[in-house]
Amino acid sequence: MMLAIDTANLMRVRGNVQHSLDAAGLAVGKRFTIVSEENQIREFGKRIFEANLRAIEPERTEFTLDFPKGRDSDQQIVVNASFRYISFFGRAVQSLSSGNTDWDKYTYSMSATVRLKNTLEVALVLDNSGSMAERGSGSGLKRIDLLKQASSQLVDKLADQAKLITHLENPVQFSLVPFAASVNIGPENQTQLWMDQTGISPVHYENFTMPTANNPVTVGRNKNIVFRDNAYFKEGSGWGSENSHYFTRFSLYNDMQTTRGRAYTSWKGCVEARPGEYGINADRPSVDKPDTMYVPMFAPDEYDSSRSLNHWWSDNGGRYDSHQTMQRDLKKYYIAQNTSGEGTTGPNYSCTTTPITTLTDVTTDNGLRAVKNAIAKMQPDGGTNVPEGMVWGWRTLIQNSPFTGGRATSQRGNDKVVIVLTDGANTYYRYNSLGGTDNANNISNYSSLGYTAVRTTGYDRTRIFQEARGASNVHDNANYTEALNARFKRLCELAKQDKIMVMTVALDLRQNNATDRKQMEIMKECASDSRVRFDPAAPTKRAKLFWNTTGSELEQTFREIADELSNLRIVR
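An account of the accompanying structure is given in this report. Since the model is a prediction, treat every value here as computed from it, not as a measurement. (Residues numbered from 1 in each chain as written. Predicted model: local features only at pLDDT ≥ 70, side-chain atom pairs only at ≥ 80, totals over all residues. Heavy atoms only, no water.)

1. Description of the overall build of the protein
From N to C terminus, the protein includes 11 helices and 15 strands. The principal-axis extents of the C-alpha atoms in the protein amount to approximately 110 × 50 × 45 Å. The buried share among the 572 residues of the protein stands at 53%. When contacts within the protein are restricted to residue pairs at least 6 apart in sequence, long-range pairs at least 24 apart make up 68% of them. Here the protein holds 67 positive side-chain charges and 64 negative ones, and the gap between their average locations is 1 Å. (Helix = DSSP H or I, 4+ residues; strand = E, 2+ residues; numbered from the N terminus. Buried < 20%, exposed > 50% of the residue type's maximum accessible area, 1.4 Å probe, protein only. Contact = heavy atoms within 4.5 Å. Lys, Arg positive; Asp, Glu negative; His and termini not counted. Charge placed at Lys NZ, Arg CZ, Asp CG, Glu CD.)

And the structure:
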């Protein structure tokens, strides 16, 4: 019995000593950024350590602190403690042996390591779908407004803490990825070389009837589109200075005119999902791997009818043998239209969100203002494609994938974190389910994964069913959700393999709804394990970085996330 009591008590003492070391280490790590005198820091750490001791007297412990040896060593502080545990059994033995037997001769040593060079890169991946306009549970505000408030407070808190870190460049950076059915990477990126400028991606022309080697497409006087050298070009004197230029989706955006000679519209910034595993990873785009290039979304003008979902350009009575032929025709876009410009339908159909904000240092006034302004501009509209949002969050953190703000993945002392929030299940829709009549056999509406009737060249299935392990490839809304869930699961595996910490938040999802419940399950499964918290229901297991919250609790949830991010310094 006495040995059992001693064992339990020793575990309690060890746990309290470790907790006290962690507290001292974190406090010293913060103080180290503003105090350079080592003796002062050592004394400060000892006070924090002893103040947290509850299970053993401070005088029975020995506290030491090790500083970095130089610039080339690991930039971390190690706090150590040793103690001798005087057991009940040992006291009894010593009493019976008249003090001649020292049963408790063992010294226990423990330590905690705290990073000094701890920088943080956080991608906020936030649901901007139409349902975010609904009122949050337990609140009188719309979910999107609650999210704006909570997100801004999170950025403020981390920015305030980071301002104490004076010896590091860009100590805390945030990116913002608003998502709905697609992601807007920003129209300013149109000329970037990682955008498909020459039509090499197998996705680029899949919705159009393109010319063949011996059959050019004539779109005007001395204006042809031709196929040669495995690419499509403008050819003919009618093109003027653009003769022999590549013909791409960007060409269509630039060439469409109103009858007043004005540009019809421009690319708003949304891109289609890449094919295969490239659609759910952060591999760098390269012209040597055409499938890795990014392709601008261009929603084709669908057939002339009030029953089509996206009819926006007159076919001018052209003779076509089918609605599909009509939809895939290139010539119609070169007949000027009597219109003032793009409305709710058009080539940017399904591009409903504000653009990505790439990694930005929030310790500067300008950086903090830029991120918070971007949060304030978010507007709810469109469907829900969580994997598309998350993969772009991951890409904002990785160097040249395609953005340049992230530190090297191999750099020590830097954490890359993706925070994903959604208020609903993944969605993609059969054409008829949205009230349209699918005369062109698109099967689905157009969005970031294209029409589900189209199978990308080089792949055995349409993109929504690629990388969707275990999901049925039967075309209905429920299976589309299942396929997106499977893509999300695989994406989470890949991101965490790339040392990305994933935090997930389910907002106003209902346990009594099977679809919502499934979404919560995959969100929790995707989440990384906490470094500093244990699961209250299973004290030996790390807590999952998953929050199931409501509108009224969202602000508190984001405070907990801020606390978690603040404690990433402890190294286990």
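2. Section: the state of the cysteines
In total, this model carries two disulfides according to the counting rule given. Put simply, Cys270 and Cys351 are joined by a disulfide, and their sulfur atoms are 2.0 Å apart. Handedness of the Cys270-Cys351 disulfide follows from its S-S torsion of about 80°: it is right-handed. Placement of Cys270 in the loop between α5 (249-255) and α6 (323-328) and of Cys351 in the loop between α6 and β9 (357-361) is noted, with a sequence separation of 81 residues between them. For the residue pair Cys270 and Cys351, the accessibility class agrees, reading buried in each case. What pairs with Cys492 in a disulfide is Cys526, and their sulfur atoms sit 2.0 Å apart. Judged by the sign of its S-S torsion, about -95°, the cystine formed by Cys492 and Cys526 is left-handed. On the criterion of sequence distance, the pair formed by Cys492 in helix α9 (residues 477-497) and Cys526 in helix α10 (residues 514-526) is long-range, its members being 34 residues apart. Judged by its relative accessible area of 1%, Cys526 is buried. Each disulfide in the protein links cysteines that, numbered along the sequence, combine into the pattern 1-2, 3-4. (Disulfide = S-S within 2.5 Å.)

3. Notes on the packing of helix α4 (residues 143-162) against helix α11 (residues 554-566)
A pair of packed helices is characterised by two quantities: the angle between their axes and the separation of those axes. For the pair α4 and α11, the least separation of the axes is 9 Å and the interaxial angle reads 25°. When the interaxial angle is binned, α4 and α11 end up roughly parallel. For the pair α4 and α11, the sense of crossing is right-handed. Of α11, the residues touching α4 (which contributes Leu146, Leu147, Gln149, Ala150, Ser151, Gln153, Leu154, Lys157, Leu158 and Gln161) are Leu554, Glu555, Phe558, Arg559, Ile561, Ala562, Asp563, Leu565 and Ser566. Looking at the contact of α4 with α11 residue by residue, the classes come out as 10 nonpolar, five polar and four charged. (Axes fitted to C-alpha atoms, helices over the stretch in contact; angles between N-to-C directions. Parallel < 35°, antiparallel > 145°, perpendicular 65-115°, else oblique. Left-handed = near helix turned anticlockwise from the far one by under 90°. Nonpolar A, V, L, I, M, F, W, Y, C, P; charged D, E, K, R; others polar.)

4. What to know about the side chain of Asp196
Mapped onto the elements, Asp196 comes out in the loop between β5 (172-179) and β6 (217-220). An unpaired buried charge is present at Asp196: no salt bridge exists, and Arg249, the closest side chain of opposite charge, is 7.7 Å distant. In this structure the side chain of Asp196 is engaged in a polar contact, spanning 2.9 Å, whose partner is the side chain of His204. Excluding anything up to four places from it in sequence, Asp196 contacts Ser201, His204, Phe250, Met293, Tyr294 and Val295. (Salt bridge = Lys/Arg side-chain N within 4 Å of Asp/Glu carboxyl O. Polar contact = N/O pair within 3.5 Å; in protein donor to acceptor, adjacent residues only side chain to side chain.)

5. Comments concerning the pattern of salt bridges
Applying the stated rule across the entire model yields 26 salt bridges. A salt bridge links Glu525 to Lys489; the shortest N-O distance between them is 3.7 Å. One end of the pair, Glu525, is in helix α10; the other, Lys489, is in helix α9, with 36 residues separating them in the sequence. Glu525 sits in the partly exposed class, given a relative accessible area of 42%. The partly exposed category is assigned to Lys489, whose relative accessible area is 41%. One continuous salt-bridge network, built from bridges that share partners, spans Glu134, Arg143, Asp423 and Asp508.

6. A few points about the sheet that holds β6
Within the open sheet, the three strands sit side by side as β6-β7-β8. Their pairing is antiparallel. Two strands close off the open sheet at either side, each with one partner strand: β6 and β8 (231-235). Strand-to-strand, the axes of this sheet are offset by a mean angle of 25°, without reference to chain direction. Both β6 and strand β7 (residues 223-228) contribute to a ladder of three bridges, which runs antiparallel. Across the sheet, the residue bridging to Thr218 is Asn224, located in β7. (Pairing = 2+ DSSP bridges.)

7. As for the packing of aromatic side chains
For the structure on display, the rule yields 23 aromatic pairs. Their ring planes at 15° and their centres at 5.6 Å tell us that Tyr264 and Trp312 sit as a pair that is stacked. Of this pair, Tyr264 sits in the loop between α5 and α6 while Trp312 sits in the loop between α5 and α6; the two residues are 48 residues apart in sequence, bridging distant segments of the chain. The exposure class of Tyr264 is buried, given its relative accessible area of 5%. Taken together, the ring pairs in this structure connect Phe208, Tyr253, Tyr264, Phe298, Trp312, Trp313 and Tyr333 into an aromatic cluster. Positioned above the aromatic ring of Trp239 is the side chain of Lys223, whose terminal nitrogen or guanidinium carbon lies 5.1 Å from the ring centre. In this structure, Arg228 is placed above the aromatic ring of Phe233, and the distance from its NZ or CZ to the ring centre is 4.1 Å. (Phe/Tyr/Trp six-rings, centres within 6.5 Å; stacked < 30°, edge-to-face > 60°. Lys NZ or Arg CZ within 6 Å of the ring centre and 35° of its normal.)

8. Regarding the nonpolar core
Among the nonpolar cores identified, the biggest contains 97 residues, and Leu154, Phe174, Ile185, Met390, Trp392 and Leu565 are the most heavily contacted of them. Top contributing element to this core by residue count: α4, with nine residues. The contacts of Met390, once residues within four sequence positions are left out, are Val125, Val418, Val420, Phe488, Leu491, Cys492, Ala495, Val502 and Cys526. Counting residues in hydrophobic clusters, the runner-up holds 23 residues, among them Ile41, Ala55, Ile56 and Phe67. (Core = buried A, V, L, I, M, F, W, Y, C linked by side-chain atoms within 4.5 Å.)

9. Considering the sheet that holds strand β10 (residues 414-422)
As summarised here, the arrangement of the six strands in space is β9-β5-β4-β10-β11-β14, forming an open sheet in which the pairing is mixed. Pairing within the sheet leaves two strands with one partner each, and these edge strands are β9 and β14 (546-549). Each neighbouring strand pair of the sheet contributes to a mean axis angle of 15°, computed without reference to strand direction. Along the sheet, α4 contacts β4 (119-127), β5, β10 and β11 (500-507); its crossing angle with β4, the most-contacted strand, is approximately 175°.

10. Overview of the pairing of β10
The buried count for β10 comes to nine of nine residues, which makes it a mostly enclosed element. Residues of β10 alternate between two faces, with Asn414, Lys416, Val418, Val420 and Thr422 on one and Asp415, Val417, Ile419 and Leu421 on the opposite face, all of them buried. In this structure, β4 lies alongside β10, joined through eight bridges in parallel fashion. Directly across from Leu124, in β10, lies its bridge partner Ile419. Across seven bridges, β10 lies against β11 in parallel orientation.

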